[in-house]
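# Examining the three-dimensional arrangement
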Amino acid sequence: MDRPTGVFVTQIPPDFGQWDELHSLIMRAFAYMDGVIDPPSSAHLLTAAKLKEKAKQETGFLALQGARIVGCAFVLERPDDFYIGKLAVEPDFQGQGIGRLLMRAAEEIAVSRGKGAIELQTRIELSTNHSAFARLGFGETERTAHEGYDRPTSIIMRKVLP
């Protein structure tokens, strides 16, 4: 599916005021990880206020169906690439190509700013995410451990851009 019906992606505008709604969407989208990943998701540390601050340091994207927020992603510009974080799609809308649209927006901003790659991190336990990102052209580059863990807890995946 090239584009989910009626869904478009836009940058979070400077006057955005739906931080509570956006926070709730991320928490719903990440809820399936509870009890699956160790350590728990950093999403639990987010608040609406922290998201607002995050948007001052990173570029935020919203996937909208009409006025309803159905997805988001935040991208952080680094010297050689962009890092994608907090990619979230409303659970009822998953599997419809919204994540792909958000990733395309991240790729477009990276290319427009002369970056050669985009990178993300996913948890070891989330094998369906590994497969989904591989289908989008990402490859594993490294396994890392959260502080205090003696085993890998995350996988870094990278996509080289044209």
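What counts, and at which threshold
- Residues numbered from 1 in each chain as written.
- Predicted model: local features only at pLDDT ≥ 70, side-chain atom pairs only at ≥ 80, totals over all residues.
- Heavy atoms only, no water.
- Pairing = 2+ DSSP bridges.
- Helix = DSSP H or I, 4+ residues; strand = E, 2+ residues; numbered from the N terminus.
- Axes fitted to C-alpha atoms, helices over the stretch in contact; angles between N-to-C directions.
- Contact = heavy atoms within 4.5 Å.
- Phe/Tyr/Trp six-rings, centres within 6.5 Å; stacked < 30°, edge-to-face > 60°.
- Buried < 20%, exposed > 50% of the residue type's maximum accessible area, 1.4 Å probe, protein only.
- Core = buried A, V, L, I, M, F, W, Y, C linked by side-chain atoms within 4.5 Å.
- Salt bridge = Lys/Arg side-chain N within 4 Å of Asp/Glu carboxyl O.

Our focus in this paragraph is the sheet that holds strand 6 (residues 139-144). The seven strands lie next to each other as 1-2-3-4-5-7-6, forming an open sheet whose pairing is mixed. Where the open sheet ends on each side, the last strands, each with one partner, are strand 1 (7-11) and strand 6. On average, adjacent strands in this sheet sit at an angle of 25° to one another, irrespective of strand direction. Pairing geometry for strand 2 (residues 59-65) and strand 3 (residues 68-77), over seven bridges, is antiparallel. In the strand pairing of strand 3, Thr59 is matched with Val75. Of the strands in this sheet, strand 2, strand 3 and strand 4 (82-89) are in contact with helix 1 (residues 19-30), which crosses strand 3 at around 90°.

Two aromatic rings, taken as a pair, are described by how far apart their centres are and by the angle between their planes. Taken as a whole and judged by the stated rule, the model has two aromatic pairs. Seen from their ring centres, Phe16 and Trp19 are 4.7 Å apart, and the 85° between their planes marks the pair as edge-to-face. Take Trp19: its relative accessible area is 10%, and that puts it in the buried class. Here the aromatic rings of Phe133 and Phe138 are separated by 6.0 Å at their centres, their planes lie at 65°, and the arrangement is edge-to-face. With respect to class, Phe133 is no different from Phe138; both count as buried.

Moving on, we come to the nonpolar core. Ile84, Ile98 and Phe138 are the most contacted members of the largest nonpolar core, which has 26 residues in total. When contributions to this core are tallied by element, the ones reaching two or more residues are strand 2, strand 3, strand 4, helix 3 (98-112), strand 5 (117-123) and strand 7 (154-160). When residues in this core are grouped by element, the largest group, eight residues, is from helix 3. Among residues more than four places away in sequence, those in contact with Ile98 are Pro4, Val7, Ala63, Val70, Val89 and Phe93.

What follows covers the pattern of salt bridges. A full pass over the atoms with the stated rule returns 13 salt bridges. For Arg113, the salt bridge identified is with Glu77, shortest N-O distance 3.0 Å. In this pair, Arg113 is assigned in the loop between helix 3 and strand 5 and Glu77 in strand 3, connecting sequence segments 36 residues apart. For Arg113, a relative accessible area of 41% corresponds to the partly exposed category. Between Glu119 and Arg78 there is a salt bridge whose closest N-O contact spans 2.7 Å. Note that Glu119 is positioned in strand 5 and Arg78 in the loop between strand 3 and strand 4, a separation of 41 residues in sequence. The exposure class of Arg78 is partly exposed, given its relative accessible area of 27%. Through salt bridges with shared partners, a single ionic network connects Arg78, Asp81, Glu119 and Arg158.

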